[in-house]
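# Structural overview
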Amino acid sequence: MLEMGWRSLSFDLGEWVQQYAVRRYGGKSEALSRAWHILQTTLYTVSSVSKSQVEVRPAITMNKPYSSNTTALVEAWRLFVQGSSEVKPVGPFQYDLVDVTRQALLNLFTDFHSLFMVAYQRYQLHHVNSSLEFKSIVSPMMEIIEDLDKLLGSDINFLLGTWTETARSWGDTVEEKNQLELNARNQVTLWGPRGNIEDYASKNGWSGLVGDYYMSRWQLFVSRLQDSIDKGKSMVGCHY
């Protein structure tokens, strides 16, 4: 959009995207050209975005994040991995590879959550002890969150610490620095002293926030849910 102010003629968007990929990575890669074509014609056609299930308060029934084509994303990810041997795997390329992988893991979490929901509903509706099935689904869900946090930790642009350290840098005294860090943490979690707009500014792309805050929240939720199944009772939301 910013370029349009300097253009007097229309241009081919597909060709522009291909040239952008070359400029961004400092060289041409057939695999990355194909990856960007997939992103342009599928995910980048989406007019709205929604939060991932990892970053919002856990629940048995959750809205599925809108996705134009999860299969296309996996293919784009495969091409990014393939293209890592054709360009320098640093800087912009590393950022994009982490970002595409992040979204692929979030989509995979959504798939497992659908199985998670069905397993618990089977227990509720048919009184079938689905404890073993439930555990077999929960385990990979937690592994996905753990892998996501490790992935994000590989690039400085995806660190919670970058956010908090920047906030602290504005303070002159230790007290000011601590208060600024508290405010920064509060903004991306509770957004207020009592969770006034909880998860309003959530970030599924920050290591530290994913591994500590979101992981702990999901672990607490599934442990309470597992306990309710083991005892043959229904989950009481207020207990969580």
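Each remark here, short or long, concerns the structure printed above.
Residues numbered from 1 in each chain as written. Predicted model: local features only at pLDDT ≥ 70, side-chain atom pairs only at ≥ 80, totals over all residues. Heavy atoms only, no water.

### A look at empty space enclosed by the protein
Taken as a whole and judged by the stated rule, the model has one cavity of 30 Å³ or more. Taken as a whole, the largest cavity spans an internal volume of roughly 40 Å³. Around the largest cavity sit A21, V22, Y25, G27, K28, S29, L32 and S33, which together line it. The dominant element in the lining of the largest cavity, judged by the number of residues it contributes, is helix α1 (residues 13–25), at three residues. (1 Å grid on protein atoms, 1.4 Å probe; cavity = no way out; pocket = protein on both sides within 12 Å on 5 of 7 lines; lining within 4 Å. Points joined across faces, edges and corners; volume = space filled by probe spheres on them. Helix = DSSP H or I, 4+ residues; strand = E, 2+ residues; numbered from the N terminus.)

### Overview of unusual backbone geometry
A positive phi is found at W191, a non-glycine position, where the angle reads about 55°. The phi angle at D199 is positive, at roughly 65°, despite the residue not being glycine. In this fold, D199 is placed in the loop between α7 (174–187) and α8 (209–230). Note on D199: relative accessible area 4%, which makes it buried. (Buried < 20%, exposed > 50% of the residue type's maximum accessible area, 1.4 Å probe, protein only.)

### Overview of helix α4 (residues 91–126)
Along its 36 residues, α4 runs 53 Å from first to last C-alpha, staying within 8% of the 52 Å computed at 1.5 Å per residue. One or two steps after α4, the chain reaches H127, where phi turns positive at roughly 55°. (Expected span 1.5 Å × (residues − 1).)

### Some words on the nonpolar core
Membership of the largest hydrophobic core comes to 36 residues, with the highest contact counts inside it found for F116, M142, I145, L148, W218, F221 and L225. Those elements giving two or more residues to this core turn out to be α4, α5 (131–152) and α8. The element contributing the most residues to this core is α5, with 10 residues. Beyond its immediate chain neighbours, meaning those up to four positions away, I145 contacts V54, F109, V210, M215 and W218. Grouped together as the second largest cluster of nonpolar side chains are 18 residues, A31, L73, V100 and A104 included. (Core = buried A, V, L, I, M, F, W, Y, C linked by side-chain atoms within 4.5 Å. Contact = heavy atoms within 4.5 Å.)

### A look at a nonpolar patch on the surface
Taken together, M4, F11 and L13 make up a surface patch of nonpolar side chains, about 270 Å² in accessible area. With respect to the element layout, F11 can be found in the segment before α1. (Patch = residues over 30% accessible without salt bridge, like charges linked within 9 Å, V, L, I, M, F, W, Y side chains within 5 Å. Areas by Shrake-Rupley, 256 points an atom, 1.4 Å probe, with all protein chains shown as cover. Salt bridge = Lys/Arg side-chain N within 4 Å of Asp/Glu carboxyl O.)

### Overview of the environment of N183
Its place among the elements puts N183 in helix α7. N183 sits in the partly exposed class, given a relative accessible area of 40%. Taking the C-alpha atoms as reference, N183 lies 9.1 Å from T164; in sequence the two are 19 residues apart.

### Overview of the packing of aromatic side chains
Within this structure, the stated rule accounts for 14 aromatic pairs. Ring geometry for F109 and W218: centres 5.2 Å apart, planes at 75°, overall edge-to-face. One end of the pair, F109, is in helix α4; the other, W218, is in helix α8, with 109 residues separating them in the sequence. A residue is classified by how much of its surface remains accessible, and W218, at 0% relative accessible area, is buried. Note on F116 and F221: the rings are 6.2 Å apart at their centroids and 45° apart in plane angle, and the pair reads as tilted. With F116 in helix α4 and F221 in helix α8, the pair connects residues that are 105 residues apart, well separated along the chain. (Phe/Tyr/Trp six-rings, centres within 6.5 Å; stacked < 30°, edge-to-face > 60°.)

### So, the side chain of D96
Positionally, D96 belongs in helix α4. In this structure D96 touches R24, Y25, W36 and F80, once residues within four positions along its chain are discounted.

### Focus on the packing of helix α2 (residues 30–41) against helix α3 (residues 70–83)
For any two helices packed against each other, one specifies the crossing angle of their axes together with the interaxial distance. With their axes 8 Å apart at the nearest point, α2 and α3 run at an angle of 160° to one another. One finds that α2 runs roughly antiparallel with respect to α3. Between α2 and α3 lies a crossing of left-handed hand. Note on element contacts: α3 touches α2 through A72, L73, E75, A76, R78, L79, F80, Q82 and G83, opposite A31, L32, R34, A35, W36, I38 and L39. Taken together, the residues of the contact of α2 with α3 sort by class into 11 nonpolar, two polar and three charged. (Axes fitted to C-alpha atoms, helices over the stretch in contact; angles between N-to-C directions. Parallel < 35°, antiparallel > 145°, perpendicular 65-115°, else oblique. Left-handed = near helix turned anticlockwise from the far one by under 90°. Nonpolar A, V, L, I, M, F, W, Y, C, P; charged D, E, K, R; others polar.)

### Points about the packing of α1 against α2
Axis separation between α1 and α2 bottoms out at 10 Å; the angle between their running directions is 130°. It follows that α1 is oblique to α2 by the angle criterion. Judged by the twist between their axes, the crossing of α1 over α2 is right-handed. Two secondary-structure elements touch here, α1 through L13, G14, V17, Q18, Y20, A21, R24 and Y25 and α2 through L32, S33, W36, H37 and Q40.

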